[in-house]
Amino acid sequence: MEQIWTTVKSLLKEKIPGHSYRMWIEPITPCQYEEGEIVLSCPNLFSKKRVVDHYGRLIENAVSHAAGKTLKVRLVVRSDPKEDRRPTFADRQMKLPEMDTAYTGGRFLRKDFTFDQFVVGKNSDFAYSAALSLAARNRGTQNALYLLSKTGLGKSHLSQAVGHHILQTFPDERVCYITAEDFMNEMTDSYRNSSLHRFKEKYRRNCDVLLLEDVQFLSGKNGTQQELSNTLESLMNANKKIIYSSSYLPSDIPKLDEKLRSRLCCGLISKIESPDYKTRVRILERTVRSGGYSVPDQVVQYLASELTDDVRQLKSGLIGVTAQASLLGSEVDLDLARRVVKNIVASREGITLDSIKRLVCKYYNVTLTDLVSRSRRQAIVRPRQVAMYLSREYTEHSLQTIGKSFNRYHATTLHALKMVEKGIKENGPVQKHVAFLSERLEKGKH
Ligand SMILES: Nc1ncnc2c1ncn2[C@@H]1O[C@H](COP(=O)(O)OP(=O)(O)OP(=O)(O)O)[C@@H](O)[C@H]1O
């Protein structure tokens, strides 16, 4: 067991940035090894969740590689020996995917993604009420809800809040929280392991509430679309609850089977818009209170007036200010807030499609002509995809406009975004390239 873990650590060290490795992987210790399973212990619940969410699959693959056979990985919390026995939300939640595949380690609901931590504003009151109503099983409520918004506006928060609420109120309900990509991976594995019947059974018969994130991922995945479509039909016929989340309307997701599109459209579509100034202030005040921070009102107001793009950015501005103050041993004041905001926002001004292309060309050493050409050489495709991704992240342009500026259809642009998102999740070279280029853009070095 020790030997396997030592090998795993050296494999992970190559794939995870140094600081993340030291923070999350180093403290893990192996504590049990049984037939088909290795148990690893984390120092606390937070680190366990973080490891599962971010490195679960990577660890799983490395363990199987080091052991020379497929092994399940189970993470437990070291400081709480009863952790295994005491039922928690995570225990009651279906841990997915959980079949005998190389990909184990499920998605847990984030503790803070609850209804009472969600600040409702005009931008989100319809989505909030629809989600709460579905979770509370109010009469006349539709069984399916489709949460739609740009990134960082609370889709995951609301869908997980439904999961929490149902687990608390109806503890026997089986809640299943996955992304569309998880669904596809698990399905592919079950084909490989001839366990498709178990996979079907699990989603069609053993799931009462399905929380399915990022459905746009399914674009072009024909086999998965068909299976999901049949699964959704079974769930709908059985009156089960389904929440989808996506940054695109079903009608805007290219290469989607008509049957699946129509099933997705059966959900009540609720759009979350960007919050207005007052709501942003309330979100920050709530975060200050729940985090126990001490932040003057004028700093809160300043952050709310400057960080307008999305709530994730807004909260990270606040965390940035408090973290820097604590590192510097200084008070949180407007000067510090201005410096933090400058890094996040001010530098975003002036970032255009052209400046992104120029930066990408420079660092990948390709020409602008190549970047927008039809070339499918990997040396060109990668920079092109990264440039499209950065364009989506750092400009307000639509997929169509971005696609057009690279001489591509918006379906190709969507595919490029997904490839880069996948690369980022895998913590591989793409993640490093994007992090590096993002930093250049944010520092105005473009
Ligand atoms: N109305 C809100 N009140 C409090 N916190 C919020 C609100 N909306 C979003 N947040 C917070 O913003 C962060 C991002 O939210 P979330 O992950 O749900 O966004 P998302 O729409 O799912 O983004 P993505 O499409 O990138 O996955 C989370 O920390 C979440 O708690």
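A brief structural summary. Remember, predicted model here, so these are calculated numbers, not experimental data.

1. Things to note about the environment of S234
Alright, step 1. Mapped onto the elements of the fold, S234 is located in helix α9 (residues 222-237).
Alright, step 2. The class of S234 is partly exposed, set by 14 C-beta atoms lying within 10 Å.
Alright, step 3. It is 5.8 Å that separates the C-alpha atoms of S234 and R204, two residues lying 30 residues apart in sequence.

2. Observations regarding the site of the ligand
Alright, step 1. Surrounding the ligand, one finds 17 residues, the nearest of these being T151, G154, S156, H157 and V311.
Alright, step 2. The set of elements that each furnish at least two residues to the shell around the ligand consists of α6 (155-169) and α13 (311-328).
Alright, step 3. The class makeup of the residues in the shell around the ligand is six nonpolar, eight polar and three charged.
Alright, step 4. The residue makeup of the shell around the ligand includes at least three contributed by each of domain 2 (115-271) and domain 3 (277-344).

3. Digging into the sheet that holds strand β8 (residues 268-271)
Alright, step 1. In space, the five strands of this open sheet follow the order β5-β6-β7-β4-β8, with parallel pairing throughout. With partners counted over all chains shown, the strands left at the sheet margins are β5 (175-179) and β8, one partner each. Strand-to-strand, the axes of this sheet are offset by a mean angle of 15°, without reference to chain direction.
Alright, step 2. As judged from the four bridges shared by strand β4 (residues 144-148) and β8, these two strands associate in the parallel manner. Across the sheet, Y146 pairs through a bridge with I269, a residue of β8.
Alright, step 3. On the sheet, helix α5 (residues 125-135) packs against β4, β7 (241-246) and β8 and is oriented at approximately 140° with respect to β8.

4. With respect to the sheet that holds strand β2 (residues 37-42)
Alright, step 1. Overall, mixed pairing links the three strands, which are arranged β1-β2-β3 in an open sheet. Each of the sheet's edge strands pairs with one partner strand only, and the pair in question is β1 (29-34) and β3 (72-77). Taking the axes of each pair of neighbouring strands and ignoring which way they run, one obtains an average angle of 25° across the sheet.
Alright, step 2. As judged from the five bridges shared by β1 and β2, these two strands associate in the antiparallel manner. Its bridge partner being in β2, P30 is matched across the sheet by L40.

Conventions we followed
Residues numbered from 1 in each chain as written. Predicted model: local features only at pLDDT ≥ 70, side-chain atom pairs only at ≥ 80, totals over all residues. Helix = DSSP H or I, 4+ residues; strand = E, 2+ residues; numbered from the N terminus. Buried ≥ 20, exposed ≤ 12 C-beta atoms within 10 Å, placed from the backbone. Near = placed C-beta within 6 Å. Nonpolar A, V, L, I, M, F, W, Y, C, P; charged D, E, K, R; others polar. Domains from an automatic or database assignment. Pairing = 2+ DSSP bridges. Axes fitted to C-alpha atoms, helices over the stretch in contact; angles between N-to-C directions. Contact = placed C-beta atoms within 7 Å.

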